[in-house]
Amino acid sequence: MGIGKKAISSGEAILDRALCVGGAAVFSQAPEFMQQYAQRLGGHLDEARLQLGRYEELAHQANLPLDVYIARISANSDAVIAKVGGVVSDLVERVQTLAEAQAAFQGASVFTKPLAFFSHLDTSIAQNTWAAFKPAVPMTIEGLVYAAVGIVATLLLYHGCIRFPLARGWRKLMGREAAT
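Residues numbered from 1 in each chain as written. Predicted model: local features only at pLDDT ≥ 70, side-chain atom pairs only at ≥ 80, totals over all residues. Heavy atoms only, no water.

A.B. asks: Is there a simple way to explain the packing of aromatic side chains in this structure?
C.D. replies: The geometry of an aromatic ring pair is captured by the separation of the ring centres together with the interplanar angle, meaning the angle of the planes. Counted by the stated rule, this structure contains 8 aromatic pairs. Summarising the aromatic geometry, the rings of tyrosine 37 and phenylalanine 117 are spaced 4.9 Å apart at their centres and angled 80° between planes, so their arrangement reads as edge-to-face. With tyrosine 37 in helix α2 (residues 29-61) and phenylalanine 117 in helix α5 (residues 113-119), this residue pair connects regions lying 80 residues apart in the sequence. With respect to class, tyrosine 37 is no different from phenylalanine 117; both count as buried. By way of ring pairs, the aromatic residues Phe33, Tyr37, Phe105, Phe117, Phe118, Trp130 and Phe133 are connected into one cluster. Against the face of phenylalanine 105 rests lysine 113, its NZ or CZ located 5.3 Å from the ring centre. (Phe/Tyr/Trp six-rings, centres within 6.5 Å; stacked < 30°, edge-to-face > 60°. Helix = DSSP H or I, 4+ residues; strand = E, 2+ residues; numbered from the N terminus. Buried < 20%, exposed > 50% of the residue type's maximum accessible area, 1.4 Å probe, protein only. Lys NZ or Arg CZ within 6 Å of the ring centre and 35° of its normal.)

A.B. asks: Please explain the packing of α2 against helix α6 (residues 123-132) as it appears in this structure.
C.D. replies: When two helices pack together, their arrangement is given by the angle between their axes and by how far apart the axes lie. Where α2 contacts α6, the two axes come as close as 9 Å, and the packing angle between them is 125°. With respect to α6, the element α2 is oriented oblique. As α2 runs across α6, the sense of the crossing is right-handed. Within the contact between the two elements, α2 uses Phe33, Gln36, Tyr37, Arg40, Leu41 and His44 and α6 uses Ile125, Ala126, Asn128, Thr129, Trp130 and Ala132. Grouping the amino acids of the contact of α2 with α6 by side-chain chemistry returns 7 nonpolar, 4 polar and 1 charged. (Axes fitted to C-alpha atoms, helices over the stretch in contact; angles between N-to-C directions. Parallel < 35°, antiparallel > 145°, perpendicular 65-115°, else oblique. Left-handed = near helix turned anticlockwise from the far one by under 90°. Contact = heavy atoms within 4.5 Å. Nonpolar A, V, L, I, M, F, W, Y, C, P; charged D, E, K, R; others polar.)

A.B. asks: Please clarify how a nonpolar patch on the surface should be interpreted in this entry.
C.D. replies: Together, Val26, Phe27 and Val149 line one region of the surface with nonpolar side chains, adding up to about 250 Å² of accessible area. With respect to the helices, strands and loops of the structure, valine 26 is situated in helix α1 (residues 3-27). (Patch = residues over 30% accessible without salt bridge, like charges linked within 9 Å, V, L, I, M, F, W, Y side chains within 5 Å. Areas by Shrake-Rupley, 256 points an atom, 1.4 Å probe, with all protein chains shown as cover. Salt bridge = Lys/Arg side-chain N within 4 Å of Asp/Glu carboxyl O.)

A.B. asks: Explanation requested: unusual backbone geometry in the structure shown.
C.D. replies: Most peptide bonds are trans, and most residues other than glycine sit at a negative phi. Even without being glycine, asparagine 63 reaches a positive phi, approximately 55°. One can find asparagine 63 in the loop between α2 and α3 (66-74). Here asparagine 63 falls in the exposed class, since its relative accessible area comes to 69%.

A.B. asks: Help me out: how do you make sense of helix α4 (residues 79-106) in this one?
C.D. replies: Note that an α-helix has 3.6 residues per turn; residues three or four places apart therefore point the same way. Compared with the 40 Å implied by 1.5 Å per residue over 28 residues, the 41 Å span of α4 between its first and last C-alpha is a close match. Those residues of α4 that sit buried are Ala82, Gly85, Val88, Leu91, Val95, Leu98, Ala101 and Phe105. A side-chain oxygen of the first residue of α4 lies 3.1 Å from the backbone nitrogen of valine 80; this N-cap is aspartate 78. (Expected span 1.5 Å × (residues − 1). Polar contact = N/O pair within 3.5 Å; in protein donor to acceptor, adjacent residues only side chain to side chain.)

A.B. asks: Help me understand the nonpolar core, please; the structure alone is not making it clear to me.
C.D. replies: Counting residues in hydrophobic clusters, the biggest one holds 24 residues, and the most contacted among them are Tyr37, Leu41, Leu66, Tyr69, Leu98 and Phe117. Within the residue set of this core, elements represented by two or more residues are α2, α3, α4 and α6. For this core, the element with the highest residue contribution is α2, accounting for 8 residues. Here tyrosine 37 is in contact with Phe117, His120, Leu121, Asp122, Ile125, Ala126 and Thr129, once residues within four sequence places are set aside. (Core = buried A, V, L, I, M, F, W, Y, C linked by side-chain atoms within 4.5 Å.)

Here it is, written out as structure tokens:
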């Protein structure tokens, strides 16, 4: 093997390894992001439950179930007070949505967590998580699985979309030049 081929082969090996490390590093951040998202989700849920608890206490003091309490507030002739009924109704729905998302996320396995994450994604919470995201090196099985997926995905992308097409084009070009 000539010096040029050895240099190219060595450069390719270094590139492969660098891509593996890069893919592993990037993909291993997915569990960390989802963990930070889950913490924020839990915080939102706790706060929403706290707010809803105040309205539930008011309904209890009035000896009314919460849904009847909301209906009475919403039916108030004063438009300002009637709007509060809509706010409380929205709060009930928000608590349910956040609780479902948290339950789905907590009950998910390593392999189903991305599905649970995306199917219950709250974009506002995700944007705020991203704004405050701190990368970390997850030392968990989940982190290792994602790192392995990152290595495989990066190598498949590199070899399938860059290396093989370039090598095929180079062979065709060299074949044409040899024919002339």
